[in-house]
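# Structure assessment
What follows is the residue order along each chain.
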Amino acid sequence: AYVQAELAGFAQLEQVPVPECVEAERAVGLKRYYVKSSWHGKGIAGPLLSAVVDAARAMGASHLWLTVWNRNPRAIAYYSKAGFRRVGSNTFMVGADPQDDSIMSLELGAYVARQRPPSP
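Here the focus is the pairing of strand 4 (residues 27–35). Strand residues, when the strand is regular, have side chains that alternate between the two faces of the sheet. When strand 3 (residues 9–14) meets strand 4, the two strands line up antiparallel, connected through 6 bridges. If you follow A11 over to strand 4, its bridge partner there is Y33. In this sheet, strand 5 (residues 63–69) lies alongside strand 4 in parallel orientation, the contact comprising 3 bridges. Bridge pairing links G29 to W65 in strand 5. Between the parallel elements strand 4 and strand 5, the chain passes through helix 1 (residues 45–58) in a crossover that is right-handed.

Turning our attention to the sheet that holds strand 3. Reading across the sheet, the 5 strands line up as 3-4-5-7-6 and stay open at both edges, with mixed pairing between neighbours. Looking at strand neighbours, the two that pair on one side only are strand 3 and strand 6 (85–94), the edges of this open sheet. Averaged over all pairs of adjacent strands, the angle between their axes in this sheet comes to 30°, without regard to strand direction. Sheet strands touched by helix 2 (residues 73–82): strand 4, strand 5 and strand 7 (97–107). Its angle to strand 5, the strand with the most contacts, is close to 160°.

On to the side chain of S105, then. Examined against the element boundaries, S105 turns out to sit in strand 7. Using a relative accessible area of 8% as the deciding quantity, one classes S105 as buried. The residues contacting S105, other than those within four sequence positions of it, are V22, H63, L64, W65, G83, F84, R85 and V87.

Quick look at the layout of surface pockets now. The gaps of empty space that remain are located by a probe, the size of a water molecule, rolled over the atoms. Counted as a void, the largest pocket has a volume near 910 Å³. Considering the residues around the largest pocket, the lining is formed by 32 residues, among which Y33, A45, A75, Y78 and Y79 are closest to the centre. When grouped by side-chain class, the residues that make up the lining of the largest pocket number 18 nonpolar, 7 polar and 7 charged.

Let us now look at the environment of Y33. Positionally, Y33 belongs in strand 4. Overall, the relative accessible area of 12% leaves Y33 in the buried class. A sequence separation of 20 residues divides Y33 from L13, and the C-alpha atoms of the two residues are 8.9 Å apart. Setting aside chain neighbours within four positions, we find Y33 in contact with F10, A11, A45, L48, L49, V52, Y78 and Y79.

Quick look at unusual backbone geometry now. Although it is not a glycine, Q4 adopts a positive phi angle of roughly 55°. Note on placement: Q4 falls in the loop between strand 1 (2–3) and strand 2 (6–7).

The rules we used
Residues numbered from 1 in each chain as written. Predicted model: local features only at pLDDT ≥ 70, side-chain atom pairs only at ≥ 80, totals over all residues. Heavy atoms only, no water. Pairing = 2+ DSSP bridges. Helix = DSSP H or I, 4+ residues; strand = E, 2+ residues; numbered from the N terminus. Right-handed = clockwise from strand over helix to strand, strands pointing away. Axes fitted to C-alpha atoms, helices over the stretch in contact; angles between N-to-C directions. Contact = heavy atoms within 4.5 Å. Buried < 20%, exposed > 50% of the residue type's maximum accessible area, 1.4 Å probe, protein only. 1 Å grid on protein atoms, 1.4 Å probe; cavity = no way out; pocket = protein on both sides within 12 Å on 5 of 7 lines; lining within 4 Å. Points joined across faces, edges and corners; volume = space filled by probe spheres on them. Nonpolar A, V, L, I, M, F, W, Y, C, P; charged D, E, K, R; others polar.

So this is what it looks like as structure tokens:
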């Protein structure tokens, strides 16, 4: 996502094995989804997610899935508002410290874009 010549955010999709809790035959993973902090709240996230959904549909996906750290309530709230629902969890280790991610899934057929033009 660019605003004029400035990179404001980016996303990366991946076709990897889908977790069992994502009940979809054709799901694509959202591996990375970032909006630069100086662009938070300025209308970048919606158009970026719409572009991700369009790309996933072009890949033949019926669902989009992702993992999000359970200690990131802002991201969880954003994804929930966008229509993702929690379908499972995954525990991973950071050194000797277990961390938990939520696995969330979005049915692409039900996705409705919420766009507003970016504001500087």
